[in-house]
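What follows is each chain in one-letter form.
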Amino acid sequence: MASCRTYDPKVLVAIVCGLLTAIVLGVGIWRIAIKIQRGTYTSSSSTPIEFCRNGGTWENGRCICPEEWKGLRCTIANFCENSTYGSFTFPRISVGRYGASLQTCDENTLNAGNPRATRLCNLTEDGEIELQNVKIGNCNENLEALEKQISNTSIQLLNISTEAQILTCDASKLTPENITSATRVVGQILNTSRSDSSEARQVAVTTVSQLLDASEDVFQRAAADNDDTFATLIEQMETYSLTLGNESVVEPNIVIQSVDFSSEGAVGSIGVRFTVQKGASDSLVSGSTLIDTNVDSLDPDGQTELQILLNTSRSNTRSCGFIMYQNNKLFQSKTFTTRSDFSQKIISSKIDDNEEDESASVKIVFSPKYNQEEFQLHSYACVYWNFLMKDWDTYGCHKEENIDGFLGCHCNHTTNFAVLMSFRKDYKYPESLNVSSNVGCALSITGLVLTIIFQIVTRKVRKTSITWVLVSLCTSMLIFNLLFVFGIENSNKNLKTSNSDTNIDNNNNEMLTQDTIVISNPTCTVVAALLHYFLLGTFTWTGLSAAQLYFLLIRTMKPLPPRFILFISLIGWGVPAVVVALTVGIIFSQNKNDSQWELRYRQEEICWLAVPESDGVITSPLLWSLIVPMTIILISNVVIFIVIIVKVLWKNNQNLTSTKKVSSVKKILSTLSIAVVFGITWILSYLMLTKNDDIRLIFSYIFCLFNTTQGLQIFILYTVRTKIFQSEASKVLKSLSSSTGRMKSMPSMIPLRLRVRMYNMLRSLPALNERFRLLEPSLITKETVVSESDQENPSFQT
């Protein structure tokens, strides 16, 4: 009767672990089913798939088309087809732009590599698209040569203006020196003190528009060398805006509008309203501006992008001019830095006074254009360009109440104005860890803690020292799991944010310093660094475990290298620390002037390493400080794993009876044991890189199942299956069984014969009744069989 009450702890543990694994797997399958069901039955987006054609994007309720297309869905052509004129061939040209010829100047010319000719694609008065005549340039003229010629008053400026326009038609090839030279040339052409044709000045405005297509970096380097050049050009543009009568000049990046009051003799206060309407693309087109005189208020509507009201006195005002720049590249600020691709439009107003008019003032409303799905407006400032400071200034300007999504400003003087905006990215913080992750991590944490305690407490009973590699691996993995569960979520997730601009302080018009705002969270950065360290440390210890097992099993006749434990400890704990310290140090040194340098290292959504954009993979810290080391360690572990499997585990020696008795089930269990401690299951993470969402989801849950429970697997294979643990667990179970038997007042209802049969059946399972000897440090020999005397050998005690 007593024997019938004896429970085999290995069987019970196997049953419990099987049930837990089934629960985790079931939760994962259930989550997959739920996601598939949601993907099948949830309603589609309010915007039909591919509603915007030909590269158009859906933003704020409408299609934003590329320059070459227009219309509600970007389906109407807005370009001139490929053309040929004489010996010149031109590719497709967008309306309103000059296209460069495919033929370039020869290598032995001064202007080598630049296009030989340009051609304008324009709209006729009837709205038809047509190509203009070809302008042929001089291959022996460059911008530096034109800069030297411009001071000669005898030379026709139209020729120089045309050459400058041809040389700047391909903005991608412009250098900082080209920008500086071209700016000086067009600045002299726009100088109204020089008598020349209006056509030359209009071509010069086209050149300025083409310059604004160059990259921001080129302008920054050009301004660093000489920022007076830009200031001179801006002033000349303002003066030129007063000379157009009641006409306008519209280019893709600039629009200039003049209003002439000289023919009107009325006296009194007047108001002029200049309106820029929203377009189907980011380029300005003819007809996108409106001018209204004798008005006293702003009147924006749904099609208004920017509107400015100039109030002045008619008695001393002959004309006024307006200029709008599509971006702020000519206004290189030392205090306001831009990191986003949202253009900061600049609006200029100027009056021509017979005497100083201190009553002049402007009101501005501006509809900010940005991706409202990813960003939200954080703040803005009403500023003007201070020519003395060569920077933005808030003097004389203040905010006004925002109406219907428009940002309002008022300034008591006239010059170049801007609404500097700062945005906060609307990060999509992930939900908390799901059930499967929590269950798996909890099981791993429990198993790792028990394994560490077992290795330390039973070292005397096992007549061996602590298995240092296994304890270090479990410690690193344990800390990583704890940090993952309790620290990976960014606390910024709990901060309340508003999706509107109602929380903007209109009474505060402080100067902004940058266009993107991120709430700093040093704690999240520290957690990301610790997660980085302990994950890299975990992989390092798996590699050291593989190296140790290789020495013990393959090179059993050779002793371990001297001071092996000290050596592997320095590698296991020191190398990851060096990698993390170097990574953080390099990122900080390269971005120490950036208040958001932390986001170069970690993500904002979670406290983990930053995931690079498609064009920044090569330079990302995730690649070089984690993925590359992990890949190297995994490859070496797989190689050692295959060698051990082939030469030791699955090698049968017919001369030894011990290897004949080893069952296939035990070989499989031994193989799995080594695979777990080598981290082989992390190979599944590479299968998650597939573009198919369904396949990636399946591999994600398989990866979660195997790796979140890695600590539990180590506990089962390296603690539960040892005889010491089984013996102690058996004593505890016997004690509990006898206590339960004494408390029962009624005899068991289960027949004795059935109980004996069930017990014998469970005892007959060989895979659950054998001991895993391969990884016992005191039980290793060349053929995986060791004598009892080898337990005392200190050369294998690691």
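Residues numbered from 1 in each chain as written. Predicted model: local features only at pLDDT ≥ 70, side-chain atom pairs only at ≥ 80, totals over all residues. Heavy atoms only, no water.

(A) Summary view of the state of the cysteines. Scanning all chains against the criterion turns up seven disulfides. Note on cysteine connectivity: cysteine 65 is disulfide-linked to cysteine 74, with sulfurs 2.0 Å apart. On the sign convention where negative is left-handed, the bridge of cysteine 65 and cysteine 74, at about -85 degrees about the S-S bond, is left-handed. Classification of cysteine 74 by relative accessible area gives buried; the value is 0%. (Disulfide = S-S within 2.5 Å. Buried < 20%, exposed > 50% of the residue type's maximum accessible area, 1.4 Å probe, protein only.)

(B) Looking closely at empty space enclosed by the protein. Overall, the coordinates contain five cavities of 30 Å³ or more when judged by the stated rule. Looking at the second largest cavity, the residues that line it are Ala223, Asp227, Phe230, Ala231, Leu330, Gln332, Lys334, Trp385 and Lys390. Looking at the lining of the second largest cavity, its residues break down into five nonpolar, one polar and three charged. (1 Å grid on protein atoms, 1.4 Å probe; cavity = no way out; pocket = protein on both sides within 12 Å on 5 of 7 lines; lining within 4 Å. Points joined across faces, edges and corners; volume = space filled by probe spheres on them. Nonpolar A, V, L, I, M, F, W, Y, C, P; charged D, E, K, R; others polar.)

(C) Focus on the pairing of strand β19 (residues 361–366). The buried count for β19 comes to five of six residues, which makes it a mostly enclosed element. Sheet analysis places β19 next to strand β23 (residues 406–411), joined by five bridges and oriented antiparallel. When the bridges of β23 are listed, phenylalanine 366 appears paired with leucine 407. (Helix = DSSP H or I, 4+ residues; strand = E, 2+ residues; numbered from the N terminus. Pairing = 2+ DSSP bridges.)

(D) Highlighting the pairing of strand β12 (residues 248–251). A one-sided burial pattern is seen for β12, the buried positions being Val249 and Glu251 and the unburied ones Ser248 and Val250. Of the strand pairs in this sheet, β12 and strand β13 (residues 254–260) are connected by four bridges, and their pairing is antiparallel. Along β13, the bridge assignment pairs valine 249 with isoleucine 256. In sequence, β12 turns back onto β13 through a hairpin of two residues.

(E) Representation of the sheet that holds strand β10 (residues 117–123) within the structure. Strand order in the open sheet formed by three strands is β9-β10-β11, and the pairing between neighbours is antiparallel. Two strands close off the open sheet at either side, each with one partner strand: β9 (98–100) and β11 (129–136). Each adjacent strand pair in this sheet contributes to an overall mean axis angle of 25 degrees, direction not counted. Sheet analysis places β10 next to β11, joined by six bridges and oriented antiparallel. Bridged to leucine 123 within β11 is isoleucine 129. Lying over the sheet, helix α3 (residues 157–167) contacts β9, β10 and β11, oriented at roughly 110 degrees with respect to β11. (Axes fitted to C-alpha atoms, helices over the stretch in contact; angles between N-to-C directions. Contact = heavy atoms within 4.5 Å.)

Taken by themselves, the reported measurements are silent on function.
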